[in-house]
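Topology and contacts: notes
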Amino acid sequence: MSPAVDPFGTQALRERVLAGWAASASRFREDANAEDDYALGGYHDRLVVELAQNAADAAVRAGVPGSLLLRLRGGVLTAANTGAPLDAAGVEALSTLRASAKRDGDELVGRFGVGFAAVLALSDEPSLVSVTGGVCWSLAESRALASSVAADEVAAREGSVPVLRLPFPATGSPPDGYASEVRLPLRDAEARDLAVRLLAGVDPTLLLTLPALTRIEVDLEGVQRTLVAEPGPDGLTVIVDDGAALRWRVVRRSGTLPAELLAGRPTEERGRSRWQVLWAVNVDDAGCVQTLPVRVPAAVRAPTITDERLGLPALLSATLPLDPTRRHIAAGPLRDAVLGHAADAYAELLRALPADPGVLALVPIGLALGPVDGVLRDRLAERLPETAFLPAAGDTGVRLRPRDAAVLDTTGEALVEVLAEVVPGLLPAAWSGRASTAALQTLGVRRLRLSDVVDALGGLRREPSWWYALYAALAEAVPAGRDRDDLGALPVPLSDGRLVTGARGLVVPDDEALPPGLDRLGVRVVDAEAAHPLLLALGAVPASPRELLEDERLRSAVEESMDADDPDEVAAVVLALVSAAHVGPGELGWLGRLALTAEDGELVPAEELLLPGGAWAAMVAEDAPFGTVATSLVERWGRDSLVAAGVLDDFALVDDTDVAVDPDESDHHLDAEDLWLEDVLDRLPDTDLPPTLVELSAVRDLELVRDDAWPAALALLASPAFRQRVVEPAWVLMPDGRRLGVPSYTAWWVSRFARLEGLPLGALRLDSAEDLDGLLDPAGLGLDEPFLRAVGVRASLDEVLSDPRGVEDLLGRMVDESRELGASVLAAVYAAIARHGGPATPPSRLPARVDGHTVVVDARDVVVVDAPDLLPLLGTRPVLPVDVGSAIDLADALDLALASELAGFAVTSAPVSAQKWAEVPGVVRALQRAGMDEPPTARVLTYQRLLVLGTDGVEVEVGWRAIDETDHVRAGDATALGRALAWRTNQWQARAAMSEALRAGADEGAGALLDAEDTL
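Residues numbered from 1 in each chain as written. Predicted model: local features only at pLDDT ≥ 70, side-chain atom pairs only at ≥ 80, totals over all residues. Heavy atoms only, no water.

**Regarding the overall build of the protein**
Secondary structure assignment for the protein yields 35 helices and 45 strands. Since a compact globule built from 1016 residues should have a radius of gyration of about 31 Å, the 64 Å found for the protein marks it as more spread out than a globular shape. Overall size of the protein, expressed as C-alpha extent along the three principal axes, is 200 × 80 × 45 Å. Within the span of the protein, comprising 1016 residues, buried residues form 51% of the whole. Sequence-distant contacts, at least 24 apart, represent 65% of the contacts inside the protein between residues at least 6 apart. Counting every atom, the protein has about 45500 Å² of accessible surface; 49% of that belongs to carbon and sulfur. In the protein, 91 side chains carry a positive charge and 157 a negative one; their mean positions are 14 Å apart. (Helix = DSSP H or I, 4+ residues; strand = E, 2+ residues; numbered from the N terminus. Rg over C-alpha atoms; globule rule 2.2 N^0.38 Å. Buried < 20%, exposed > 50% of the residue type's maximum accessible area, 1.4 Å probe, protein only. Contact = heavy atoms within 4.5 Å. Areas by Shrake-Rupley, 256 points an atom, 1.4 Å probe, with all protein chains shown as cover. Lys, Arg positive; Asp, Glu negative; His and termini not counted. Charge placed at Lys NZ, Arg CZ, Asp CG, Glu CD.)

**As for the side chain of Asp869**
Within the secondary structure, Asp869 is located in the loop between β37 (863-864) and β38 (879-880). Engagement of the side chain of Asp869 in a polar contact is seen with the side chain of Arg961, the distance being 3.0 Å. Within the structure, the side chain of Asp869 is placed 2.9 Å from the backbone nitrogen of Ala962, a separation counted as a polar contact. When sequence neighbours within four positions are dropped, the list of residues in contact with Asp869 reads Trp960, Arg961 and Ala962. (Polar contact = N/O pair within 3.5 Å; in protein donor to acceptor, adjacent residues only side chain to side chain.)

**A word on the nonpolar core**
Note that soluble globular proteins tend to have their nonpolar side chains buried in a common cluster. Ranked by internal contacts, the top residues of the largest apolar core, which has 90 residues, are Phe651, Trp710, Leu717 and Tyr830. In terms of residue count, the dominant contributor to this core is helix α30 (residues 823-836) (seven residues). Formed by 72 residues, the second largest nonpolar core is a distinct cluster that contains Val17, Ala121, Val135 and Ala280. (Core = buried A, V, L, I, M, F, W, Y, C linked by side-chain atoms within 4.5 Å.)

**Observations regarding the sheet that holds strand β29 (residues 730-733)**
With antiparallel pairing, the four strands of this open sheet are ordered in space as β27-β28-β29-β30. Where the open sheet ends on each side, the last strands, each with one partner, are β27 (653-660) and β30 (739-742). Sheet twist, expressed as the average angle between the axes of neighbouring strands with direction ignored, equals 25°. Where β29 lies against β30, four bridges are found, and the strand directions are antiparallel. Looking at the pairing, Ala730 lines up with Val742 of β30. With respect to the sheet, helix α23 (residues 673-683) is in contact with β28 (692-699), β29 and β30, its orientation differing from that of β28 by roughly 135°. (Pairing = 2+ DSSP bridges. Axes fitted to C-alpha atoms, helices over the stretch in contact; angles between N-to-C directions.)

**A short note on empty space enclosed by the protein**
Evaluation of the coordinates by the stated rule reveals one cavity of 30 Å³ or more. There is about 30 Å³ of room inside the largest cavity. For the lining of the largest cavity, the secondary structure elements donating two or more residues are α15 (450-457) and α16 (464-477). The dominant element in the lining of the largest cavity, judged by the number of residues it contributes, is α15, at four residues. Of the residues in the lining of the largest cavity, the class split is eight nonpolar, no polar and no charged. (1 Å grid on protein atoms, 1.4 Å probe; cavity = no way out; pocket = protein on both sides within 12 Å on 5 of 7 lines; lining within 4 Å. Points joined across faces, edges and corners; volume = space filled by probe spheres on them. Nonpolar A, V, L, I, M, F, W, Y, C, P; charged D, E, K, R; others polar.)

**Things to note about the pattern of salt bridges**
In the structure shown here, the tally under the stated rule is 58 salt bridges. Between Asp701 and Arg700 there is a salt bridge, and its shortest N-O distance comes to 2.8 Å. On the basis of relative accessibility, which here comes to 12%, the residue Arg700 falls in the buried class. For the salt bridge of Arg961 with Asp869, the shortest nitrogen-to-oxygen distance reads 3.0 Å. Note that Arg961 is positioned in strand β44 (residues 960-963) and Asp869 in the loop between β37 and β38, a separation of 92 residues in sequence. Residue class for Asp869 comes out buried when judged on its relative accessible area of 2%. A cluster of three or more residues bridged by salt bridges with shared partners is formed by Glu386, Arg401, Arg403 and Asp404. (Salt bridge = Lys/Arg side-chain N within 4 Å of Asp/Glu carboxyl O.)

**Comments concerning the sheet that holds strand β41 (residues 939-943)**
One open sheet holds the four strands; their spatial order is β40-β41-β45-β44, and the pairing between them is mixed. Strands at the two margins of the open sheet, each flanked by one partner only, are β40 (913-916) and β44. Averaged over neighbouring strand pairs, the angle between their axes works out to 20° when direction is ignored. Where β40 and β41 come together, four bridges link them in antiparallel fashion. Within β41, the residue paired with Ala914 across the bridge is Leu941. In this fold helix α33 (residues 974-984) packs onto β41, β44 and β45 (966-970), with an angle of close to 25° to the strand it touches most, β44.

**Observations concerning the packing of aromatic side chains**
Per the counting criterion, the structure on display carries 15 aromatic pairs. On the basis of an interplanar angle of 80° and a centroid distance of 5.7 Å, the ring pair of Trp676 and Tyr745 is categorised as edge-to-face. Of this pair, Trp676 sits in helix α23 while Tyr745 sits in helix α26 (residues 745-753); the two residues are 69 residues apart in sequence, bridging distant segments of the chain. Exposure class is identical for Trp676 and Tyr745. Each is buried. Taken together, the ring pairs in this structure connect Trp676, Trp710, Tyr745, Trp748, Trp749 and Phe753 into an aromatic cluster. Sitting over the ring of Trp466, Arg462 keeps its end group 5.9 Å from the ring centre. (Phe/Tyr/Trp six-rings, centres within 6.5 Å; stacked < 30°, edge-to-face > 60°. Lys NZ or Arg CZ within 6 Å of the ring centre and 35° of its normal.)

**Brief notes about the side chain of Arg301**
Note on placement: Arg301 falls in strand β12 (residues 299-301). The exposure class of Arg301 is buried, given its relative accessible area of 4%. In terms of polar contacts, Arg301 uses its side chain to reach the side chain of Asp203, at 2.6 Å. Here Pro297 takes part through its backbone oxygen, which lies 2.8 Å from a polar atom of the side chain of Arg301.

**Details of α26**
Think of an α-helix as turning once every 3.6 residues; residues three or four places apart then point the same way. By the criterion of burial, α26 is predominantly enclosed, with seven of the nine residues buried. Among all positions in α26, only Tyr745, Thr746, Ala747, Trp748, Trp749, Val750 and Ser751 are buried. In this structure, the buried side of α26 is in contact with α23, β28, α24 (710-717), α25 (723-727) and α27 (785-790).

**Remarks on helix α29 (residues 806-814)**
Of all the positions in α29, only Gly806, Val807, Leu810, Leu811, Arg813 and Met814 are classed as buried. Axial view of α29: buried residues confined to an arc of 160°, hence all on one face. (Arc of directions from axis to C-beta.)

Everything listed here is a matter of geometry and, on its own, says nothing about what the molecule does.
This is the structure in structure tokens:
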């Protein structure tokens, strides 16, 4: 090494060290081993930190802002700094292990005199030049000098000697603007790689832990990086790292340590009685906590970074005692005391941060990462629950101690906002998230379940609108599909001012106004301003006027209204609901049991009251068990509401479903209901199980109509309000699933019991029923035929006779001698009876024909003519006019004698000729006119006079008589001959045409004329 000016007395230092080594080989070994320990062990990767500490201390001594330039160029790492320049004491300290020159000044960082050994991890030829001179060290030079005094030891160590113990003067000066510069020619590629890694990973928080240092510049082979510290207000420090700003909330605290805590520390450390603590947290523009940047190790600084891990997203730098390795913190009271001060400062830091949930990241949770982290957690566990840093809900600006705070177990900003004024210490909604649970639990914050909140609300007096806001917030916080059991005891305000526990069974009004007084009927109504849909999900029921009327409690109140303490109030509530719900007449039949005031002041069920001036009042019998509703009620509630409640303006209605067709179980208070059900059963097929009426829809109180009021009553029943209950059948569900229709109760009752001028409706006919003309009187009501048919007015003769009692009733009316019944009417009736069958009991009197007149005679005298040739042989016997084809059936139906059964009616005269029908002139044409081809095989006997014995044994001259296979005919009587041929060929209806053809006989001209006429 070339000789240089030696301003710092390095030669004297070398000589002293060499003398010591020469005198003691152990001293040499001790110095060599100590330097290896620091250079290759505790400080091998601390170069940048040690250089920064030296720069900071230089700035403190000079009282100027510290600046550090780190540059790697051409295999040389340099570090230039501002501040106090190098002096002799500094050189001696750098060359003397464990003998720092920084004894005075608690603001100085360097304390041990060993940090500069970090340069040996990269270089064998370090140097330090300053504006006051320079000093350097050299492995080669040191080895040569050491070999001259301790050759055996150097050889034993294979040439490894202490380097920093032997300083040499150096030439050169630092860059402009800097007081000193360390120069490190890098040993090899491995050293260069380490240098690159150290410069690339420069920790920006060096500017926080070394506040005297305000600027660091890094030049890595021409790539520039600049870090600048810019102190701000309220403990904020901004570190600009290559233009990117990192904001740090900083708390610095210091104090004096008691002497007893330093007693166990090395002698030179005991002189430093000041403790210092720095906490820094990375924050965003709003001051809220952020995670540590990548280049910031999560380790404790003392103030040099140690290997003690810190489980917090914060930076801690403190004057903690280090063990001899300088990488770990020494356990003991001093450590614990400083960490206690650190915990106090940490609590202060939390109070200074914004009220944001991110601050909970600063609450230690989980397992400790080491002994230091563990002690710190223990101290924080004592202090943080007592530190008022949590915000109160409601944006009040108040800060809460965690032990006084509470957080909801469920999220919901609106819910917290509503509860803030009634739940002490409640935290904002943002603090209720899942991620914050462990931190809040560690702090001792009470976690409130919804059930706890509900319990706390018991007895709370608030406006209904406040409760609505609470329910809305709860619905949002606990949406449908979530378990809402915790809300079962939720307080609910009622319309009467009471506050009750639980929504189940309460009534929630909708948009329609509800009448007061419902609570007196056992119906608890939620105050309209508090009526939120959540209550319905919790067991309340909807409460429109219509839905209230379907409430069993209201129905019970109606049924018990006759015995109520205040029946008028019950009536007022019910009628108000009926009016608001627009209930139709008979729609809710049970309303008829509502007690109302009658005109005479008595309480009477609505269904037993008449509306004054109503249609029903004009029709009802005088002895009917009805009163008249008070006029005051009509004026207050109107006719429609009273009628809907059961007061009778016209017919009352009964509606029911699934009614058993069982006469013994009829209970609808309908007149003759059991008889109707019996009739229904008679119309149905037999079954083992009882059938069921799908729906009973009937008009009530028909039995109370006055006889003279039935025309008006029928007109009313035919109106749209009642018509369907008459004309539509009642449908019966059979056990096998079939649906069969039967007459409705109303139609059945009216058809049997209603009277028009004393006649049942079954005794009247439709105007269009011509086959009943003369038998039944027309109804003459001016009503439509489908309605009249439904109530029993007859539409045809067949319809009358189809009725089980139809024949008997009809025959009963036919014997009325005031009726003028012609032969055609009688013939139609008797033919119909022959088809349908007779009555169960044969009639005793019948209308019959005698001498061309209709007379009523004893049925025993009546004869039914079963062959037309016998008619003139019966003398004066009454005859029932009927076609001979129906004679036998009629005689059986009415138990009457047939004409053929009365006598033999033998022919007494002698014939004058005999021939076959085929031989009779004109017979072929006669048959053709009847649509036949072949003449009968019977023979024809002709007589000058044809005499036959009659019923009284007297001979009667007749035109023809048919006996077995012989037709007896008076000679020359074409009419008789035609009748005989028609009867023989079963063409009785063609007898006139056949007679005409036979009369023409063999006259071809007459025959041709008949043929021509038939074509017209």
